[in-house]
Amino acid sequence: MTAQTASPASSPASSPAFSPGVDTDEQSALRQSVAALLEKKSDSAAVRAAIASEHGFDATLWRTLVEQIGAAALSVPEQYDGAGATWVETHLVCEELGRRLTPSPLLGSAVLAAQAVLATGDDDACARLLPGIAAGEQAALCWASRSGWATPGVRAGGTDGTTLTGTAHHVLGADTASTLLVVAVTGDTVPFETVGLFEVPANADGVTVTRVPVMDPTRTMARVEFDGVAATAIRTRSSFLSRLRAAAWSAISAEQVGAARAVLDATVQYTQERRQFGRAIGSFQALKHRMADMYVKTETARSLSYSAAALVAEAQDGSDEAAHAAEIEAAAAKVYCSEALQWITGEAIQLHGGVGITWEYDVQLYFKRAHGTAQLLGQPHELLAALEVAAGL
């Protein structure tokens, strides 16, 4: 059997049941449009070609997503040249991109960078930055330190507090971005440290961007070093990080749900075609039970992810309390979806008889995506500890 026959990325689009109130007729039409485009332009061969390209994604496909689907503009308000849709529309596009493992700037630019700007509540910054992002210009969010996202890797100092020094790690799409948005520590002493957002042209003096090796080849990352870089400060509100984290974790959970469904579909297809002892192995009761467990985890992950998306959408123009509630729900979704996808992809490799680990089969790409997204923007155990604190446990 060829790699394409068993490939989740080339299998027909599935039609799972959706959560009530999330997949409206308009949202379903959007999902179908994205799925149809990706079926033609992001099959297994196209994904692998994009991985091997200079920038790690198909620029032509990205332009099509921006110009025909409006993917980068969906959750940008109309006054900033966006589509004025809710967060849920972006969430559904993330799910379809995750189902195909489509390499794309969407998560790094139209989600992380755009949502960082929106989360500030600064109208001037939104008017200055969001129209370009909505039109497909790429921005990158610099945030993590070497140890993770709990503390930014960059500090703002100098006489006016806008000179950036330090290193941001695990930055999505920094090597192709024209604008860098930097989450940086401000203040001189620990009790008075706060976090702010700063804008920097990617080609500014003192900025060094270096592509780094990654476990998940479908997503590029870079290390961004700042050596006394002059930046523009963006005013932030108290709920800035809560709003940013909620949208980011929700988007990652959407990708994970899409990937989980693709892996499940590919495994069912493989077990229907692979024969042992004169019958398809999918007819064996023990394998049916394992695939049933995969299905249950996939649908549970979907429910949690959609619940988070609904709360993020409600919180976009809501109170700080609504933003905090969305953050907690999104953290729970990210934890569950991360662990579910890691387990599902592990089961898929076993049910493929071990051949799923070979390069010719796309299951190994989903396995790498599962473990990569589990680490992205906070590991599950870190988020669980934060949830316990939030719940007062």
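All of the points below concern the structure found in this document. (Residues numbered from 1 in each chain as written. Predicted model: local features only at pLDDT ≥ 70, side-chain atom pairs only at ≥ 80, totals over all residues. Heavy atoms only, no water.)

### Observations concerning the packing of helix H7 (residues 240–273) against helix H8 (residues 285–315)
Then, number 1: At a closest axis distance of 9 Å, the pairing of H7 and H8 adopts a crossing angle of 155°. Considering the angle they form, H7 stands roughly antiparallel to H8. Note that H7 runs across H8; the crossing there is left-handed.
Then, number 2: Here the contact of H7 with H8 is composed, by residue class, of 16 nonpolar, 6 polar and 4 charged. (Axes fitted to C-alpha atoms, helices over the stretch in contact; angles between N-to-C directions. Helix = DSSP H or I, 4+ residues; strand = E, 2+ residues; numbered from the N terminus. Parallel < 35°, antiparallel > 145°, perpendicular 65-115°, else oblique. Left-handed = near helix turned anticlockwise from the far one by under 90°. Nonpolar A, V, L, I, M, F, W, Y, C, P; charged D, E, K, R; others polar.)

### Quick word on the nonpolar core
Then, number 1: Core analysis: the largest hydrophobic core is formed by 73 residues, its most contacted members being Leu130, Leu141 and Leu377.
Then, number 2: A per-element tally of this core places helix H5 (residues 106–120) first, with 11 residues.
Then, number 3: Once residues within four sequence positions are removed from consideration, Leu141 is found in contact with Gly108, Leu112, Ala113, Ala116, Val171, Leu181, Val183, Leu197 and Leu244.
Then, number 4: Ranked by size, the runner-up nonpolar core spans 22 residues in total, among them Val154, Ala177, Val182 and Ala222. (Core = buried A, V, L, I, M, F, W, Y, C linked by side-chain atoms within 4.5 Å. Buried < 20%, exposed > 50% of the residue type's maximum accessible area, 1.4 Å probe, protein only. Contact = heavy atoms within 4.5 Å.)

### Section: the pattern of salt bridges
Then, number 1: Within the structure shown, the criterion is met by 17 salt bridges.
Then, number 2: Between Arg243 and Asp320 there is a salt bridge, with the nearest N and O atoms lying 3.5 Å from each other. Of this pair, Arg243 sits in helix H7 while Asp320 sits in helix H9 (residues 320–351), placing them 77 residues apart in sequence.
Then, number 3: Relative accessible area serves as the criterion here: at 34%, Asp320 is assigned to the partly exposed category.
Then, number 4: In this structure, the salt-bridge partner of Glu255 is Arg369, at a minimum N-O distance of 3.4 Å. Here the residue Glu255 occupies a position in helix H7, and Arg369 occupies one in helix H10 (residues 363–375), the gap between them amounting to 114 residues.
Then, number 5: Exposure remark for Arg369: the relative accessible area of 3% places this residue in the buried category.
Then, number 6: Taken together, the salt bridges that share partners define one network made up of Arg31, Glu95, Glu96, Arg99, Arg261, Asp265, Glu299 and Arg302. (Salt bridge = Lys/Arg side-chain N within 4 Å of Asp/Glu carboxyl O.)

### A short note on the side chain of Ser239
Then, number 1: Relative to the helices and strands, Ser239 resides in the loop between strand S10 (232–234) and H7.
Then, number 2: Ignoring any residue separated from it by four or fewer positions in sequence, one finds Ser239 in contact with Asp320 and Ala323.

### Overview of empty space enclosed by the protein
It is a probe the size of a water molecule, rolled over the atoms, that shows where empty space is left.
Then, number 1: Tallied over the entire structure, the rule returns 3 cavities of 30 Å³ or more.
Then, number 2: The volume enclosed by the largest cavity comes to roughly 250 Å³.
Then, number 3: Lining the largest cavity are 23 residues, and of these Ser104, Pro105, Leu106, Arg219 and Thr220 lie nearest its centre.
Then, number 4: Those elements that place two or more of their residues in the lining of the largest cavity are helix H4 (87–100) and H5.
Then, number 5: The greatest single-element share of the lining of the largest cavity, amounting to 4 residues, is contributed by H5.
Then, number 6: Each pocket or cavity is described by its volume, and for the second largest cavity that value is around 60 Å³.
Then, number 7: Around the second largest cavity, the lining residues are Leu112, Leu141, Cys142, Trp143, Ala144, Trp149, His169, His170, Val171, Leu172, Leu376 and Leu377.
Then, number 8: Going through the elements one at a time, strand S1 (139–142) and strand S5 (163–172) are the ones with two or more residues in the lining of the second largest cavity.
Then, number 9: In terms of residue count, S5 provides more of the lining of the second largest cavity than any other element does, 4 residues in total.
Then, number 10: Taken together, the residues that form the lining of the second largest cavity break down as 10 nonpolar, 2 polar and no charged. (1 Å grid on protein atoms, 1.4 Å probe; cavity = no way out; pocket = protein on both sides within 12 Å on 5 of 7 lines; lining within 4 Å. Points joined across faces, edges and corners; volume = space filled by probe spheres on them.)

### Some words on unusual backbone geometry
Then, number 1: Residue Asp81 is not a glycine yet carries a positive backbone phi of 65°.
Then, number 2: Structurally, the position occupied by Asp81 is in the loop between helix H3 (59–69) and H4.
Then, number 3: Of note in this structure, Leu101 is not a glycine but carries a positive phi near 60°.
Then, number 4: With relative accessibility at 2%, the residue Leu101 sits in the buried group.

Keep in mind these numbers describe shape, not what the thing actually does.
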